[in-house]
Amino acid sequence: MKVKINNKNYDVPELTFKHFTKMEEQGFSIVDAFQKKQMMLIAMGFTCAVADVDRDEAENLLEQHILGGGNLGSIVGAFVEASNKSDFFKKMLGAEEKKAEKKKATVTEE
């Protein structure tokens, strides 16, 4: 799979622990961003992982992408697709979602 960011095609690897930590090194929780539907953070983190850049460079790439007529939808869509194909990301995102649901149920019962 490929994703086009700022007129350049990037190969999207199978997302692993390394990519998860690369995304979280940028100063946000990918699980929280996913649950809160923070698309800008998701696009930025995914760009960091795919283009192997830091947050500043990813933000610059995305800004140029938008200014050049692109949108974040295709980048976020590629992230969702890659996450759904990644056993590691499915487990991390699924486990965290179940924890949140369990915690919410416990709070509701009290």
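See the structure above.
Parameters and conventions
Residues numbered from 1 in each chain as written. Predicted model: local features only at pLDDT ≥ 70, side-chain atom pairs only at ≥ 80, totals over all residues. Heavy atoms only, no water. Core = buried A, V, L, I, M, F, W, Y, C linked by side-chain atoms within 4.5 Å. Buried < 20%, exposed > 50% of the residue type's maximum accessible area, 1.4 Å probe, protein only. Helix = DSSP H or I, 4+ residues; strand = E, 2+ residues; numbered from the N terminus. Contact = heavy atoms within 4.5 Å. Expected span 1.5 Å × (residues − 1). Axes fitted to C-alpha atoms, helices over the stretch in contact; angles between N-to-C directions. Parallel < 35°, antiparallel > 145°, perpendicular 65-115°, else oblique. Left-handed = near helix turned anticlockwise from the far one by under 90°. Nonpolar A, V, L, I, M, F, W, Y, C, P; charged D, E, K, R; others polar.

### Digging into the nonpolar core
Ranked by internal contacts, the top residues of the largest apolar core, which has 31 residues, are Val 3, Ile 30, Phe 46, Ile 75 and Phe 79. Within the residue set of this core, elements represented by two or more residues are β1 (2–5), α1 (17–24), α2 (30–35), α3 (39–51), α4 (55–67), α5 (73–85) and α6 (87–109). By residue number, the principal contributor to this core is α3, which donates 8 residues. Residues within four places of Val 3 in sequence aside, it is in contact with Lys 8, Asn 9, Tyr 10, Val 12, Phe 46, Val 50, Ser 74, Ile 75 and Ala 78.

### Here we look at α3
Counted at 1.5 Å a residue, the expected span for α3 with its 13 residues is 18 Å, and the 18 Å between its end C-alpha atoms agrees. The buried fraction of α3 amounts to 10 of the 13 residues, a majority that puts the element mostly inside the structure. Restricting attention to buried positions, one finds in α3 the residues Ile 42, Ala 43, Met 44, Gly 45, Phe 46, Thr 47, Cys 48, Ala 49, Val 50 and Ala 51. Of the surrounding elements, those touching the buried residues of α3 are β1, β2 (8–11), α1, α2, α4 and α5. Among the residues trailing α3, Asp 52 stands out with phi positive, at a value near 55°.

### Considering the packing of α3 against α5
Their axes nearest at 9 Å, the elements α3 and α5 cross at an angle of 70°. Considered as vectors, α3 and α5 are oriented roughly perpendicular to each other. Crossing of α3 over α5 shows left-handed handedness. Packed against α3, whose contacting residues are Met 39, Ile 42, Ala 43, Phe 46 and Thr 47, the element α5 presents Ile 75, Val 76, Ala 78, Phe 79 and Ala 82 at the interface. The class makeup of the residues in the contact of α3 with α5 is 9 nonpolar, 1 polar and no charged.

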